[in-house]
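Remarks on the overall topology
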Amino acid sequence: MNKKIILMLLIIMAFISIMAVGSIKSSQDFDGQFTMDIPIGHNFRDVAYCLPNGALGCSREYLDEDTGCELEDDDIMVCYYNDSYLVEGESNAWQHAVNGLTTSYFYEIAQDDGNSLVLTNDIGMKMMPPYLVGVKNDDGSKAVFVGGYHLDDLKRYANSVEFK
């Protein structure tokens, strides 16, 4: 009987250990502009094709190094905006990002709590994820939008952004 109890305890402890390791996040520095918590084992790179008024109109776009040309179910994209692409009538990167995403890229504002913004679209394009969660620095001169398919995860990642 004691061996069965010990075996059950070992199985339970192994299960708890596996669950704890799976929920641990690491932090990545994004070219000295900001840091953000990311899933363990992932590494994001600047994909370098983010041009003015293209690829969601951001200054830099990052994808996990294992992500191909289309976002799949568990993939996320990270878009960084700064004041470098402002057009006439825009006062900061936050305004530029929201204007561009809601006009040129067909996103709609689903939730605005003042600290973060949730945008959605349902057009089905693989490089335009159905959810974007954005955060900004204090003066709006920098913004980060995290895009993907799992809204709760995206909110957690976006809320971990620390601007430098």
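Everything here concerns the structure above.
This text gives an overview of the structure that appears in the document. Note that this is a predicted model, so its numbers are computed, not measured.

Whenever strands of a sheet pair, they do so through backbone hydrogen bonds, lying parallel or antiparallel. Taken in spatial order, the seven strands make up an open sheet running 3-4-5-9-8-7-6, and their pairing is antiparallel. Each having just a single partner strand, strand 3 (44-46) and strand 6 (108-112) make up the two edges of the open sheet. Between one strand axis and the next, the sheet turns by 25° as a mean value, whatever way the strands run. The pairing of strand 8 (residues 131-136) with strand 9 (residues 142-148) spans six bridges and is classified as antiparallel. For Val135, the partnering residue across the bridge sits in strand 9 and is Val144.

Here we take up the packing of aromatic side chains. Under the definition given, this model contains eight aromatic pairs. Measuring from ring centre to ring centre gives 4.9 Å for Phe30 and Tyr62, while their planes differ by 80°; the resulting arrangement is edge-to-face. Of the two residues, Phe30 is situated in strand 1 (residues 25-30) and Tyr62 in strand 4 (residues 60-64); the sequence distance between them amounts to 32 residues. A single burial state applies to Phe30 and to Tyr62, both of which are buried. For the ring pair Phe34 and Tyr80, a centre distance of 5.6 Å and an interplane angle of 20° mean the geometry is stacked. Separated by 46 residues along the polypeptide, Phe34 in strand 2 (residues 34-39) and Tyr80 in strand 5 (residues 77-82) bring together distant segments of the chain. With respect to burial, Phe34 and Tyr80 carry one shared label: buried. One aromatic cluster in this structure is built from Phe30, Phe34, Phe44, Tyr62, Tyr80 and Phe163. A cation over a ring is seen here: Arg156 above Tyr157, with NZ or CZ 5.5 Å from the ring centre.

With respect to burial, strand 9 is a largely interior element, seven of its seven residues being buried. Across the two faces of strand 9 the burial is the same, with Lys142, Val144, Val146 and Gly148 and Ala143, Phe145 and Gly147 all buried. Pairing of strand 5 with strand 9, which is carried by six bridges, proceeds in the antiparallel orientation. Across the sheet, Cys79 pairs through a bridge with Phe145, a residue of strand 9. Once strand 8 ends, the chain turns through five residues before running back antiparallel as strand 9, passing Gly140 with a positive phi of about 80°.

Right, let's talk about helix 3 (residues 151-159) for a bit. Listed as buried for helix 3 are Leu154, Tyr157 and Ala158. The buried side chains of helix 3 occupy one side of the element, clustering within an arc of 95° when seen end-on. In this structure, helix 3 carries Asp152 and Asn159 as exposed residues pointing more than 90 degrees from its buried face.

Now for the nonpolar core. Counting 21 residues, the largest nonpolar core has Leu56, Cys79, Tyr81, Leu101, Tyr107, Leu119 and Phe145 as its most contacted members. If you list the elements that add at least two residues to this core, you get strand 5, helix 2 (93-103), strand 7 (116-120) and strand 9. No other element matches helix 2, which puts five residues into this core. Leave out the neighbours within four places in its chain, and Cys79 touches Leu56, Cys58, Arg60, Glu61, Ala143, Val144 and Phe145. Formed by 18 residues, the second largest nonpolar core is a distinct cluster that contains Phe30, Val118, Val135 and Val161.

Calculation rules
- Residues numbered from 1 in each chain as written.
- Predicted model: local features only at pLDDT ≥ 70, side-chain atom pairs only at ≥ 80, totals over all residues.
- Heavy atoms only, no water.
- Pairing = 2+ DSSP bridges.
- Helix = DSSP H or I, 4+ residues; strand = E, 2+ residues; numbered from the N terminus.
- Axes fitted to C-alpha atoms, helices over the stretch in contact; angles between N-to-C directions.
- Phe/Tyr/Trp six-rings, centres within 6.5 Å; stacked < 30°, edge-to-face > 60°.
- Buried < 20%, exposed > 50% of the residue type's maximum accessible area, 1.4 Å probe, protein only.
- Lys NZ or Arg CZ within 6 Å of the ring centre and 35° of its normal.
- Arc of directions from axis to C-beta.
- Core = buried A, V, L, I, M, F, W, Y, C linked by side-chain atoms within 4.5 Å.
- Contact = heavy atoms within 4.5 Å.

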